[in-house]
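# Structural description and commentary
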Amino acid sequence: MSAVDPASTAARVASHLRSLDVDGQSWVTGVSINGLLAEGSEESVEAARSLVDTAVATQDDDGQLGYGPSYPIEVFSHGREYEASWELTAKKAMNTNNTTAIGHGVLDFYERTGDERYLDAATGEYESLLSFDRTATGGIPHHDPDAAGIKSLWIDSVYMMCPFFARYADAADEPAAFDEAVEQLLVHATHLRDDRTGLFRHIWVEEPDHYPQGTFWARGNGWAAAAAADVLERLPADHPRRDELVDLFRDHCETLLDYQDGSGFWHNLVDDAATPLESSGTLMFAYAFDRGVDRDILDESRFADPASRAVEAVARTVDEGGAVRRIARPPGGPEAPLTTTPYGQGWYLMAVAARD
């Protein structure tokens, strides 16, 4: 099969993403912003700025960005709704840490401009997270338990919250936010990482103690790997728990290597070769590997080639209009149909940028 240069498709993917309406879609908006900023063209940065400015202007009274939480999750594939075989822990509108994904872009524009309204908005999101009633082990639940009636930890949360905490620590000169970034990653790993395989499950509920969806979902493992890579990018070298996070990140990435398909992809369920090859998790693993190599945390001789093959594999799915295909739709899990999504576009742009 002829080689595909992922960088040559990035402009087309970014153009397609800019054409989509992603305003007010919580974490989807946040990942889209991150992808546009990673691609970095003038058009993409301006599109990201527009989304960030709207998110700041529509921050709700609880401090949540972008019109507040957006629930229920829409689970559509090419216009057809599908029913997951597992129940979402909560389906009604409520405070959720998903909106913190937009905070990554808010802090980016604070760093670019020094405009205090961005830092003020990030502070509102930060304080919202700190207001959640925690699990007995200190985890910040995915949903405000006062509204949800339960406390559950979702692997999605570590990407929404933890890089934001680390970036906020720098921007606001708030060292406690570095501590929170590491603490939440490690607490979530305590409950969601499987001792036998080294892979992450999707959701853990505190009472009754159970996993509503216990498979090792690719994008879920991608959230964990990418979050750790981004936190380690900013975490001070002398942070007392840095070595713990480095060990977790390395062990997880080593585990993932064993499951990469010969095509360059990973499967939608990482350890189940009977499930489809899936693009978003594949891109997230490549991103984490390349970021780890760049920071001299991962061995280049082991991780650079798998990352390159992964991005090149997904590049072959990009259609003429710039849509990245084979993306598992929310809420993920075993039955999720493969389609195109804004967050798939965003992760493609981040993975390509991480190769540079």
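Residues numbered from 1 in each chain as written. Predicted model: local features only at pLDDT ≥ 70, side-chain atom pairs only at ≥ 80, totals over all residues. Heavy atoms only, no water.

From N to C terminus, the protein chain includes 13 helices and 8 strands. Against the compact-globule benchmark of 21 Å for 356 residues, the protein chain has a radius of gyration of 18 Å, which places it among compact chains. Across the 356 residues that make up the protein chain, the buried fraction comes to 60%. Here the contacts in the protein chain between residues at least 6 apart in sequence split such that 69% fall between residues at least 24 apart. Here the protein chain displays about 13,500 Å² of accessible surface, and carbon together with sulfur accounts for 43% of that area. With 28 positive and 61 negative side-chain charges, the protein chain shows a separation of 5 Å between the mean positions of the two kinds. (Helix = DSSP H or I, 4+ residues; strand = E, 2+ residues; numbered from the N terminus. Rg over C-alpha atoms; globule rule 2.2 N^0.38 Å. Buried < 20%, exposed > 50% of the residue type's maximum accessible area, 1.4 Å probe, protein only. Contact = heavy atoms within 4.5 Å. Areas by Shrake-Rupley, 256 points an atom, 1.4 Å probe, with all protein chains shown as cover. Lys, Arg positive; Asp, Glu negative; His and termini not counted. Charge placed at Lys NZ, Arg CZ, Asp CG, Glu CD.)

Think of an α-helix as turning once every 3.6 residues; residues three or four places apart then point the same way. Between its first and last C-alpha atoms helix 1 (residues 6–18) spans 18 Å; for 13 residues at 1.5 Å apiece the expected length is 18 Å, and the two agree. Burial in helix 1 covers these residues: Pro-6, Thr-9, Ala-10, Val-13, Ala-14 and Leu-17. Here the buried face of helix 1 lies against helix 2 (27–39), helix 3 (42–57), helix 12 (300–315) and helix 13 (342–354). (Expected span 1.5 Å × (residues − 1).)

For the rest of this paragraph, the subject is the environment of Leu-51. Mapped onto the elements, Leu-51 comes out in helix 3. For Leu-51, a relative accessible area of 14% gives the class buried. A C-alpha to C-alpha distance of 29 Å links Leu-51 and Arg-316, two positions 265 residues apart in sequence. Not counting residues within four places of it along the chain, the set of residues in contact with Leu-51 comprises Val-22, Asp-23, Thr-29, Ile-33 and Leu-36.

With that settled, consider the packing of aromatic side chains. By the definition in use, this model includes 14 aromatic pairs. Judged by centre distance (5.7 Å) and plane angle (90°), the rings of Trp-27 and Trp-223 are edge-to-face. Residue Trp-27 is located in helix 2, and its partner Trp-223 is located in helix 9 (residues 218–234); the two are separated by 196 residues in the primary sequence. No difference in accessibility class separates Trp-27 from Trp-223, as the two residues are buried. Relative to Trp-347, the ring of Tyr-287 has its centre 5.3 Å away and its plane inclined at 75°; by these criteria the two rings are edge-to-face. Of this pair, Tyr-287 sits in helix 11 (residues 279–294) while Trp-347 sits in helix 13; the two residues are 60 residues apart in sequence, bridging distant segments of the chain. With respect to class, Tyr-287 is no different from Trp-347; both count as buried. Here the aromatic residues Trp-27, Tyr-159, Trp-223, Tyr-287, Tyr-343 and Trp-347 are joined through ring pairs into a cluster of three or more. It is Arg-112 that lies over the ring of Phe-109; its NZ or CZ is 5.5 Å from the centre. For the cation-ring pair, Arg-117 lies above Tyr-118, with the distance from its terminal atom to the ring centre recorded as 4.5 Å. (Phe/Tyr/Trp six-rings, centres within 6.5 Å; stacked < 30°, edge-to-face > 60°. Lys NZ or Arg CZ within 6 Å of the ring centre and 35° of its normal.)

Another point: the environment of Asp-194. On the secondary structure map, Asp-194 appears in the loop between helix 8 (175–192) and strand 4 (203–205). For Asp-194, a relative accessible area of 14% gives the class buried. Not counting residues up to four positions away in its chain, the partners in contact with Asp-194 are Leu-199, Arg-201 and Phe-216.

By the element assignment, Thr-197 lies in the loop between helix 8 and strand 4. Looking at Thr-197, its side chain comes within polar contact range of the main-chain nitrogen of Leu-199, at 3.1 Å. (Polar contact = N/O pair within 3.5 Å; in protein donor to acceptor, adjacent residues only side chain to side chain.)

Right, let's get into the pattern of salt bridges. The full count for this structure, using the stated rule, is 19 salt bridges. Across the pair Glu-46 and Arg-49 runs a salt bridge whose closest N-O atoms are separated by 3.5 Å. With Glu-46 and Arg-49 both in helix 3 and 3 residues apart, this pair spans about one turn of that helix. A salt bridge links Glu-278 to Arg-219, with the nearest nitrogen and oxygen atoms 3.9 Å apart. Taken together, the residues span a long stretch of sequence, with Glu-278 in strand 6 (residues 277–278) and Arg-219 in helix 9 at a distance of 59 residues. (Salt bridge = Lys/Arg side-chain N within 4 Å of Asp/Glu carboxyl O.)

Compared with an ideal rise of 1.5 Å per residue, which puts 14 residues at 20 Å, helix 4 (residues 100–113) spans 20 Å between its outermost C-alpha atoms and is within 8% of the ideal. Across the 14 residues of helix 4, 11 count as buried, placing the element largely inside the fold. As for helix 4, its buried residues are in contact with helix 2, helix 3, helix 5 (116–130) and helix 7 (156–172). Positioned one or two residues after helix 4, Gly-114 has a phi angle of 75°, which is positive.

Glancing now at the environment of Val-314. As for its placement among the helices and strands, Val-314 is situated in helix 12. Measuring from C-alpha to C-alpha, the distance between Val-314 and Cys-253 comes to 19 Å, with 61 residues separating the pair along the chain. Those residues in contact with Val-314 that sit more than four places away from it in its chain are Phe-265, Ser-279, Thr-282, Leu-283, Val-324 and Tyr-348.

Bringing the confidence of the model for the protein chain into the picture now. Mean pLDDT for the protein chain: 92, with 92% of residues reaching 70 or above. This model gives residues 74–79 a pLDDT under 50, and the stretch forms 14 contacts once residues within four places in sequence are excluded. (pLDDT = per-residue confidence, 0-100.)

Formed by 107 residues in total, the largest nonpolar core has its most connected members in Trp-223, Trp-347 and Tyr-348. Leaving out residues up to four positions away in the same chain, Tyr-348 has contacts with Pro-6, Thr-9, Ala-10, Val-13, Leu-283, Val-314, Ala-315, Val-318 and Val-324. (Core = buried A, V, L, I, M, F, W, Y, C linked by side-chain atoms within 4.5 Å.)

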